[in-house]
Amino acid sequence: MNEKLSRPQFNQMKTTEKQALMESLAARYTMTFLGLHTFDRWGQSCTTGIFEKDGREFVFVPGDTVTLGWEQFAEGLNQESREELEYLFREWEMEPQNPEEMIRESMAPVRQAAIGPMLVGRELEELCWEPVKIDDPRLTAHPDWLKEFREFAWSDSSSLTLHQSARIERTEDGFQAWIYNRTDYDALLAGLEQQGLSLPTADEWAYLCGGGCRTLFPWGDGMDYSMHLHHFESPEDEDKPFDMEEPNFFGVSIAYDPYMREVVKAEQFTTCGGDGGRSVCGGLGIFLGFLPCSPHCKPEVQEDNELNGDYDFYRPIIRVEFDG
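Model, not experiment: these values are computed from the prediction.

With respect to the packing of aromatic side chains
Across all of its chains, the model carries 12 aromatic pairs by this definition. The interplanar angle of 40° and the centroid separation of 5.3 Å between the aromatic rings of F33 and F51 together place this pair among those described as tilted. Of this pair, F33 sits in strand β1 (residues 32-41) while F51 sits in strand β2 (residues 44-53), placing them 18 residues apart in sequence. By the burial criterion, F33 is buried, and F51 matches it. Through a chain of ring-to-ring contacts, three or more aromatic side chains come together here, namely W42, F217, W219 and F287. When the ring centre of F10 is taken as origin, the NZ or CZ atom of K18, which lies over that ring, is 4.5 Å away. Lying over the aromatic face of W129, R167 brings its terminal NZ or CZ to 5.0 Å of the ring centre.

Re unusual backbone geometry
Of note, T30 is a non-glycine position whose phi angle comes to about 50°, a positive value. Tracing the sequence through the fold places T30 in the loop between α2 (15-28) and β1. Backbone geometry at H231 places phi at a positive 75°, although glycine is not the residue there. Note that H231 resides in the loop between α8 (202-210) and β12 (261-264). Owing to a relative accessible area of 42%, H231 belongs among the partly exposed residues under this scheme.

Details of the pattern of salt bridges
Within this structure, the stated rule accounts for 15 salt bridges. Close ionic contact of E57 with R122 constitutes a salt bridge, the shortest N to O distance being 2.7 Å. Within this pair, whereas E57 is found in strand β3 (residues 56-61), its partner R122 is found in the loop between β6 (118-121) and β7 (125-126), the two being separated by 65 residues in sequence. A relative accessible area of 36% places E57 in the partly exposed class. Across the pair E126 and R167 runs a salt bridge whose closest N-O atoms are separated by 2.8 Å.

A closer look at the nonpolar core
Among soluble globular proteins, nonpolar side chains are generally buried collectively. The biggest cluster of nonpolar side chains holds 82 residues, and the ones touching the most others in it are F51, F60, L119, M223 and F287. Residue contributions to this core peak at six residues, all from α8. Setting aside anything within four residues of it in sequence, one finds M223 in contact with N78, S81, F217, L229, I286, F287 and F290. Ranked by size, the runner-up nonpolar core spans 11 residues in total, among them F152, A166, A177 and I179.

Rules and cut-offs
Residues numbered from 1 in each chain as written. Predicted model: local features only at pLDDT ≥ 70, side-chain atom pairs only at ≥ 80, totals over all residues. Heavy atoms only, no water. Phe/Tyr/Trp six-rings, centres within 6.5 Å; stacked < 30°, edge-to-face > 60°. Helix = DSSP H or I, 4+ residues; strand = E, 2+ residues; numbered from the N terminus. Buried < 20%, exposed > 50% of the residue type's maximum accessible area, 1.4 Å probe, protein only. Lys NZ or Arg CZ within 6 Å of the ring centre and 35° of its normal. Salt bridge = Lys/Arg side-chain N within 4 Å of Asp/Glu carboxyl O. Core = buried A, V, L, I, M, F, W, Y, C linked by side-chain atoms within 4.5 Å. Contact = heavy atoms within 4.5 Å.

See the structure below:
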C-alpha cells in the first residue's frame with residue numbers, strides 16, 4: 001500500500017498534498033472530486049476527500065492496521081446502561097448477570113486486521129425496491145394493488161407497502177411508486193462487480209464503523225442516552241437525521257438503526273450493523289437493542305441466500321490500488 005494512503009501518514013499530509021492526491025484518485029476512478037472536508041466525531045478525526053459518481057457520494061477512507069473485536073470494557077459501563085441492564089434482569093426474573101460476560105457472547109474475537117484504503121459510499125442503499133411510474137405495466141397488471149393505491153391516495157397516510165410486492169409514498173409532487181424485485185446475495189455481488197464496485201468485508205465494515213476504537217461503541221462502552229435514536233426518540237426537527245445517522249469521523253453514515261442489516265462481502269450471505277430489529281422488537285431496550293450496531297458485534301451469517309428489501313441494505317466501496 002502506498003504509505004500516503006495509510007491513516008498515520010495521510011493525517012499528517014499538508015492540505016495541498018491531500019488535494020493533489022484526491023484529484024489523482026478522482027481521475028483514476030472517473031469520479032468528480034467535490035473537495036476536502038474535515039470529519040470530527042467521538043474523539044477521532046479525518047480530513048479527507050468527498051467524491052461523486054453516478055449520483056452517489058463517496059468518501060476516501062485511508063487504510064490502517066487496527067485491533068478489532070471485543071472482550072472487555074475499556075472504560076466500563078456508564079451508570080444509565082448498568083441501571084437499564086439491571087432493570088431487564090429483574091423483569092426477566094434472572095439472576096444478576098456479569099454484563100461484560102453477557103456482552104462478550106455477542107462480540108467477535110479480538111484480532112489484528114490490516115485494512116486497505118477505500119472509496120466508500122457515504123450512505124446505505126436500498127435493495128430490491130425499483131422506483132417506477134404509476135402507469136408502469138407491471139403495476140397496472142395488478143388491479144388489487146391499484147385498488148389499494150387508490151384507497152391510500154384518499155387516506156391521510158404518507159406511505160403504503162404491500163409486502164415484497166409494491167410500495168407507494170406521498171411526495172410534494174404527487175406520488176412515487178416502487179416495485180419489489182426478488183434478488184439474492186450472489187446477484188448483488190455480481191452486479192456490483194460489473195460496475196467496478198464491491199462490498200466491504202466484515203473487517204473493513206468494523207473499521208469503517210469504529211475506526212479501531214477499543215470501546216464497545218465508537219463513543220464509549222455505554223449507551224449515550226442523550227442521543228436521538230431510531231425507534232426510541234425522534235429529533236425535534238423532522239428534517240434532521242438521528243444522532244447516530246450523522247456522518248462519523250470518516251464521513252460515513254453507518255450502523256445507526258438496528259432494523260437495518262448491512263450486507264458485507266463474505267463466502268456466504270453475511271450482515272453487520274443490525275439484527276433486523278429482533279432485539280428492539282423483542283423489548284430488550286435501548287442498550288441491548290443497539291448492541292448489534294457495535295463495530296465489534298459478531299457478523300451474522302444468514303441461513304437463506306435471498307436478500308430482504310425490508311431489512312437488508314448495502315454500501316458500495318472501491319478498494320484503492322494506487323501508487324501515483
